[in-house]
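Examining the three-dimensional arrangement
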Amino acid sequence: MSDTPVKTLAFEPERYELHAPAAYHFDLDRREFLASLGGGILVVLAAPAQQSGGHRGGFGRGMPQQIGAWLHIAEDGGVTVYTGKVEVGQNARTSLTEAVAEELRAPLATVRLVMGDTDLVPFDMGTFGSLTTPTMAPQLHRAAAAARELLIGLAAEKWKTERGGLAVAGGKVTNPATGQWATFGELTRGRKLVETIAADAPVTPAERWQVAGRSTPKVKGVDFVTGRHRYPSDIRRPGMLYGAVLRAPSFGAKLASFNDHAARATPGVVVVRDGEFAGVAAPDREAAERAVRSLRAEWKAAAQPSEGELFAYLKQHAEAGSPREQGSVAEGMAAADHKLRQTYTVAYIAHVPLEPRAAVAEWNGGRLTVWTGTQRPFGVRGELAAAFGLPEDRVRVLMPDMGSGYGGKHTGECAIEAARLARAAGKPVKLVWTREEEFTWAYFRPAGVIEVASGALADGSLLAWEVHNYNSGAAGIGTPYHVPHQRIVFHPTESPLRQGSYRALAATANHFARESHMDELARTLGLDPLVFRLKNCQDPRLAAVLEAAAGRFGWKHRKAAPGHGFGVAAGFEKGDYVATCAEVAVHRTTGQVRVVRVVEAFECGAVVNPDHLRNQIEGSISMGLGGALFEHIEFEDGKILNPRLSRYRVPRFRDIPKIEVVLVDRKDLASAGAGETAIVGIAPALGNAIFDACGTRLRSLPMAPNGVRVG
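Residues numbered from 1 in each chain as written. Predicted model: local features only at pLDDT ≥ 70, side-chain atom pairs only at ≥ 80, totals over all residues. Heavy atoms only, no water.

**A short note on the overall build of the protein**
Per the secondary structure count, the protein includes 18 helices and 29 strands. For a compact globule of 711 residues, the expected C-alpha radius of gyration is about 27 Å, and the protein comes in at 27 Å, within 12% of that figure. Counting contacts in the protein only where the partners sit at least 6 residues apart, residues at least 24 apart contribute 78% of the total. Here the protein displays about 28400 Å² of accessible surface, and carbon together with sulfur accounts for 52% of that area. Positive and negative charge centroids in the protein, built from 82 and 76 side chains respectively, lie 3 Å apart. (Helix = DSSP H or I, 4+ residues; strand = E, 2+ residues; numbered from the N terminus. Rg over C-alpha atoms; globule rule 2.2 N^0.38 Å. Contact = heavy atoms within 4.5 Å. Areas by Shrake-Rupley, 256 points an atom, 1.4 Å probe, with all protein chains shown as cover. Lys, Arg positive; Asp, Glu negative; His and termini not counted. Charge placed at Lys NZ, Arg CZ, Asp CG, Glu CD.)

Here is the structure:
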């Protein structure tokens, strides 16, 4: 198989979870290992586990360039498509199906996707970074277009005619001149398509799309709304046991003593102690929970920072960072008529997926199979191989479409824990994290301190811009506005809590700081915030979304009622442009904030599925309300204090405002991924609107967990 090289992607530094040490490494126990083999004989060579899919490698692999690696046409004409991308609620299954159906000129119903099965699909880094649409969709367009041309060639050969006169439609190749036709299955006879995908495979331009570009209903949507779909937590295997894991009382605590006599005396219970890992497997979940509660453990823990000292701690433990500079900030500041310097902060927040981490692990003949919810099936395969000292080809990971991830399911701890219990039990084991475990032991969106200094002329022209971000991350840290003198620095720091990727990464925090600062500077200059942005905007795509959002919102004609305010924010990230206008109402007595209306304009190149794109944008806005107004992790000395939904506030139906989405469809531009960027504008737009409503400037996320102090 020949591979073409792909550009190695530069991963944002705030993907901390991809660079963290392995969560577990287990030594082989002979008795347990033999139990895991089941029947048969296995010869294992003493070689280190491959790391191609784990934390430390595999990101630069090329994509296979044989048609058969990506799709197969069965004798009945059905098309099976293989991709390492997974479905986590962003409707990638639908958009990728559209890509193939578009090029094959085949009915959508005849195309079936196999996603995230490491035994069947080509290697993939993972479903993150809004990469599915700009990287996988073009690859499947090319593969399907190459298959279409191959089918035309097979038909021309079969009918002894020129290929130029043949047409493809409805899953068939036809010869209009003779009336001859043949289905795809008849032409391929189910054989594997080993031909190479040509570099110039004739893909259909967006202006001529007939399937893509339309609001196609969600593939298998009925299964999801009727409960027929089986999520990772629904998987069952014959003879399966249920697992539970003993958790430390605080981060970093080490087992000092351990007594499992009571649990081992319980019929049907298997107890595992392997280094710092301890857990049980039992015939049902309730028995597993009782057994793990019966374990007696003492822990040793060191003192750790608490929430009240977080931001000082981040700055005290920061590295110098590597500046990105343009011009001279000192010269720009010296020439400025107005200068402003402010500090903004963001708290840790949790991903709160609808489905907590879940995994079912099964050993058979020295081979490990795991069904789990993950955005990185190959990455989890690598973690499992490393944890158990296996070659990666002895590990299979399958990812049923899961109940959301938001960047929080890149690592495989739950899968490893289930596999460790299954190896000891000699039976399949299901492990589903509780909501408290999800809140405590998953990683959080990084907290951060962001310092912004700016200088401008009296006419509103920006001259100088300096940003220092401590810990939160570098995504979206730059400014899309024209500023001749800039200095941008991201400072990695030590973190008291485990942290990692979150929807849009640090772009949310950096947009909050920048767009709040732009609002403050506009008011210092006595300029309308929208006019100020447009004055300093030289990017026509950014200007277009600003004007589209403001036009739909009625920005020029807004009339403030008592306690009502209006805010605007804009930005660019991952190939997308976004502008958000918001109206809020602040109660004069209680300070409670009610979001009245949000209008967001979004441009991501050529729109693949308008309805699904609107759903993504509306979902991003709704999710962003939580981090903007009230979501935050409370912690003290290594303990999470609000690890359940009764104490951790997420947006509720009553919090959702009227949302209007304006799509700016650019058929002349390549499609970009849209699952993340739409979230970045809501926090600053709300903060700016709150100031407009009551004169209180809020520079910390969340802004109003207990309302706003008015006056």
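**Comments concerning the domain arrangement of the protein**
By domain assignment, the protein separates into domain 1 (37–225), domain 2 (232–300 + 357–432) and domain 3 (317–349 + 444–701). At the junction of the two partners, domain 2 supplies 9 residues and domain 3 supplies 11 residues. Inspection of the domain 2/domain 3 interface yields 1 salt bridge. Note that Arg498 is salt-bridged to Glu413, the shortest N-O span being 2.3 Å. Our count for the contact surface shared by domain 2 and domain 3 stands at 4 residue pairs in polar contact (both at pLDDT 80 or more). In the side of domain 2 that touches domain 3, the residues fall into 3 nonpolar, 5 polar and 1 charged. (Domains from an automatic or database assignment. Salt bridge = Lys/Arg side-chain N within 4 Å of Asp/Glu carboxyl O. Polar contact = N/O pair within 3.5 Å; in protein donor to acceptor, adjacent residues only side chain to side chain. Nonpolar A, V, L, I, M, F, W, Y, C, P; charged D, E, K, R; others polar.)

**Overview of the state of the cysteines**
Under the defined criterion, the tally for this structure stands at 0 disulfides. Not engaged in a disulfide, the cysteine Cys581 finds its nearest cysteine sulfur in Cys537; these two sulfurs lie 14 Å apart. As a non-bridged cysteine, Cys694 has Cys581 as the owner of its nearest cysteine sulfur, 19 Å distant. On the accessibility criterion, Cys694 (12% relative accessible area) is buried. (Disulfide = S-S within 2.5 Å. Buried < 20%, exposed > 50% of the residue type's maximum accessible area, 1.4 Å probe, protein only.)

**Remarks on the pattern of salt bridges**
The final tally for this structure, using the stated rule, is 43 salt bridges. Here Glu103 makes a salt bridge to Arg148, at a shortest N to O gap of 3.0 Å. One end of the pair, Glu103, is in helix H3 (residues 92–104); the other, Arg148, is in helix H4 (residues 132–159), with 45 residues separating them in the sequence. Residue classification places Arg148 among the buried positions, given a relative accessible area of 5%.

**Some details on the environment of Ala506**
Among the structural elements, Ala506 can be located in the loop between strand S22 (485–491) and helix H14 (507–525). Its relative accessible area of 2% is what places Ala506 among the buried residues. In contact with Ala506, not counting residues within four places along its chain, are Glu14, Ser472, Gly473, Ala474 and Ala475.

**Description of the side chain of Lys574**
When you line up the elements, Lys574 lands in the loop between strand S23 (564–573) and strand S24 (576–586). For Lys574, a relative accessible area of 18% gives the class buried. A distance of 3.5 Å separates polar atoms of two side chains, one belonging to Lys574 and the other to Glu12. Contact partners of Lys574, with chain neighbours within four places excluded, come to Glu12, Gly129, Ser130, Leu505, Ala672, Gly673, Glu676 and Thr677.

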